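# Residue-level structure breakdown
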Amino acid sequence: MIDVSRPEPAVWLRGLTKKYGPATVVDGLDLEIPRGSTFGLIGPNGAGKSTTLKMMMGMLSIDAGSATVLGVDVSADPTAVKRRVGYVPEIHSIYRWMRVGEVIGFVRSFYPKWNAGLCADLLDLFELDPKKKVKQLSKGMLAKLALLVAVSPEPELLVLDEPMSGLDPIVREEFLDGVLRSMCDSERTVLFSSHTIDDIQRLADTVGLLYQGRLLVHSPVDDLLTRTKRIRAVLHDGVLPRWLPETTIWQRVQRREWLLTVGDFSEDLLPRLRGENSVHDVEVQDLSLEDVFKDYVKGRKGAA
Amino acid sequence: MRIDPKSHVPVFRQIVEGLQSAIAAGIYRSGEVLPSVRVLAIDLQVNPNTVQRAYEELERQEVIEARRGVGKFVARNGPRSALGQAEVAVREAFERGVDLACDADLSKTRIRELFNDVLSQQTEASRAQR
Amino acid sequence: MKALLWKDYRINRQVLIVGFCLLVAPYLAAVSWIWYDRGLTGAGAHHWAAVLAFAAQASVICSQMTLVLLAGYVIAGERRDRSAEFLAYLPPSRSAVLTSKALLSAAVALVVWGVFLIVAEIVVPALSGEAAAGQSASFAQTRPMLLAVGVTLFGMAWLGSSMLESPTYSAAIGVVAVMLVPIALSLCHTLTGQPAHGDDFMDWLRGLYFALGAGGFVAGWMYYIRRVEP
């Protein structure tokens, strides 16, 4: 049943696939990101985050599946997508001979809408000198410039590929400042990829864990924290676990200690756990986001 | 108030608890205006949505009230409600501590000894800070 | 489009400077020769006409180098320093990007041939009247062939530039194409007797050069538009 009152999602990926020779870097990815939300894509290096974002922006050919951004099929009309999406890449390749002011003028000429006031404010905030050439800019300045030209056209969707990797803490804070100001516009959807938990915890409403080209987790961040719990139980001598909760994502038995992480914990799991297994001393622990992700990855590795 | 992104407590809850303590302690008094969502988000370096949700929760707890077009203010009974909520959080922390102690098979007497120890140690430390 | 043209001009400025030197050097050489031979005021109009006619021919021949270098750099140059990836996520369509490059190339070709035609068709006859007109006539016969070679040089280098990452290899493709066509035609003549040596052969050669150059340009254009990776 189609709900015509609900606006289409900002991003809709269906079975998105990318292969490099025998290796499948992105494996049938399905993802829907509603408008106005902030989505964090996390995963180890090589998980396929950059590749996914580049396919979405029409910069990499799609091997299978489709990517629909702001209602537009990227393969069919990449120009329409680029006019409405601001993108900040991980590796910057802005013309090194241009001056900062020239870069802004150059980019500005391609957009129908440009918030000159915001641009001037950010230029000030980031302490960028319009006369400096791009090749004279430090990595941090370059990142800030890239962010400036990405948000000044007031795009409906902002895509950031590992935006803060390699930035020193002071520049990181300035960059984060710029991103947060952009996020205050509630109409804007933000999609960013990162391999640091800090960014996800701070910025994301919803998080997706990408591992070997597949989405292992897709959940609101707070839900993940409150619903994922680790259970620690002590097994009786010579006995192995017999029954696991349905949403177990990882488990390990070491000596008499049985650790298991459950994706959707509720108190009524415990009586059954105690009943079906020969255990005593059952304890429930909270997990940090980092632990949650690690356990999902460990669980996947174990299953492979 | 600082956010610990490594904690297992969701950020929005950290903000709620942080503001509860601040209001209970009198940093924000009844009727005073609170920072806007945008300002607080940039200050704490977190998603504005999260700050918005924290404010909504505090509104639900009747610690703060929102006046449309003007901003968020500490409710008349705000400090009292905040104290109540703060007590709930403290109680939960105590519960976790006692659970830990029981797991290690400590006796009730020993637990009380440890508690008194910590209490005098912490109050000494905060007195030295002032 | 203005921004793209400005960007393409700035990126290819070095090639354009080299091109300017190649365009102007023969004329400077002509002036030096006259100065050495007769002194600048001692030479008559027909001397100037003869020397300038040679200079014009040399200038347009050397400038073919400019066109092949420009074609080689115009697309591949931005791949080498990865700046194509920056433009790739900005709004301009592939067509717009290529149009700007084509316009710049057309402007250069216009200048090269324009200067040549002005000197050869206007200045030289004006200075010499009858005598140089005879010289112009024989030069005039080689003009279409020169143009055809230029078209192949540019078109095939453009095709290379649209596909490869190296500007120099792309330019080399233009040069190689120019050398291969007469070899292929000679082979054809050896095997089949056609086309016959003489005017027939030259017509075929010229026709093939035009076709190859135009085809290369169009193929390069279509390929670049369809390709997703910048």
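In the block above lies the structure referred to throughout.
The residue numbers shown here count from 1 along each chain, following its written sequence. For this description, chains carry letters from A and ligands carry numbers from 1, given in the order in which they are written. Side-chain atom pairs in this predicted model are given and counted only at pLDDT of 80 or more, local residue features only at pLDDT of at least 70, and totals for whole chains, interfaces and linings cover all residues.

Residues and elements named next belong to chain C. Here an axis means a line fitted to C-alpha atoms, over the contact stretch when the element is a helix, while the angle between two N-to-C directions is reported on a 0 to 180 degree scale. Going along the chain from the N terminus, every DSSP run of H or I of four or more residues is numbered as a helix, and every run of E of two or more is numbered as a strand. Axis separation between helix 3 (residues 45-80) and helix 7 (residues 167-192) bottoms out at 7 Å; the angle between their running directions is 150°. Compared by their axis directions, helix 3 and helix 7 come out roughly antiparallel. As helix 3 packs across helix 7, the resulting crossing turns out to be right-handed. The residues of helix 7 that touch helix 3, namely those facing Val68, Leu69, Ala71, Gly72, Tyr73, Ala76, Gly77 and Arg80, are Pro167, Thr168, Ser170, Ala171, Gly174 and Val175. Each residue receives one of three labels: charged for Asp, Glu, Lys and Arg, nonpolar for Ala, Val, Leu, Ile, Met, Phe, Trp, Tyr, Cys and Pro, and polar for the others, Gly being one of them. Taken together, the residues that form the contact of helix 3 with helix 7 break down as eight nonpolar, five polar and one charged. Note on angle classes: values under 35 degrees are labelled roughly parallel, values over 145 roughly antiparallel, values of 65 to 115 roughly perpendicular, and the remainder oblique. It is the rotation of the near helix from the far one that decides the hand of a crossing: anticlockwise by less than a right angle makes it left-handed, clockwise makes it right-handed. Here the contact rule is simple: place C-beta atoms from the backbone, and any two residues whose C-beta atoms are within 7 Å are in contact.

For the rest of this paragraph, the subject is the pairing of strand 1 (residues 64-67) of chain B. Residues and elements named next belong to chain B. Two strands form a pair only when DSSP identifies at least two bridges running between them. Across four bridges, the pairing between strand 1 and strand 2 (residues 71-74) is antiparallel. Each residue of the ladder has a partner; that of Arg67, found in strand 2, is Gly71. Where strand 1 hands over to strand 2, the hairpin turn is made up of three residues, of which Gly69 adopts a positive phi near 80°.

Before going further, it helps to spend a moment on the interface of chain B and chain A. Of the residues lining the interface, 16 residues belong to chain B; the matching set on chain A comes to 24 residues. Looking at the side of chain B that touches chain A, the elements that each hand over two or more residues are helix 1 (11-24), helix 2 (37-44) and helix 3 (48-60) of chain B. No other element matches the three residues that helix 2 of chain B contributes to the side of chain B that touches chain A. The residue makeup of the side of chain B that touches chain A, split by class, is eight nonpolar, five polar and three charged.

Quick look at helix 7 of chain C now. Here helix 7 of chain C is 26 residues long and its end C-alpha atoms lie 38 Å apart, about the 38 Å a rise of 1.5 Å per residue gives. In the stretch just after helix 7 of chain C, Gly193 of chain C is the one whose phi turns positive, near 85°. One less than the residue count of a helix, multiplied by 1.5 Å, gives the span that helix is expected to have.

Attention now moves to the sheet that holds strand 2 (residues 23-33) of chain A. Residue and element names in this part refer to chain A. As summarised here, the arrangement of the four strands in space is 2-1-4-5, forming an open sheet in which the pairing is antiparallel. Only two strands of the sheet have a single partner each, and these edge strands are strand 2 and strand 5 (72-73). In this sheet, strand 4 (residues 64-69) lies alongside strand 1 (residues 11-20) in antiparallel orientation, the contact comprising five bridges. Within strand 4, the residue paired with Leu13 across the bridge is Ala67. Packed onto the sheet, helix 1 (residues 49-56) meets strand 1, strand 2 and strand 4 and runs at close to 120° relative to strand 1.

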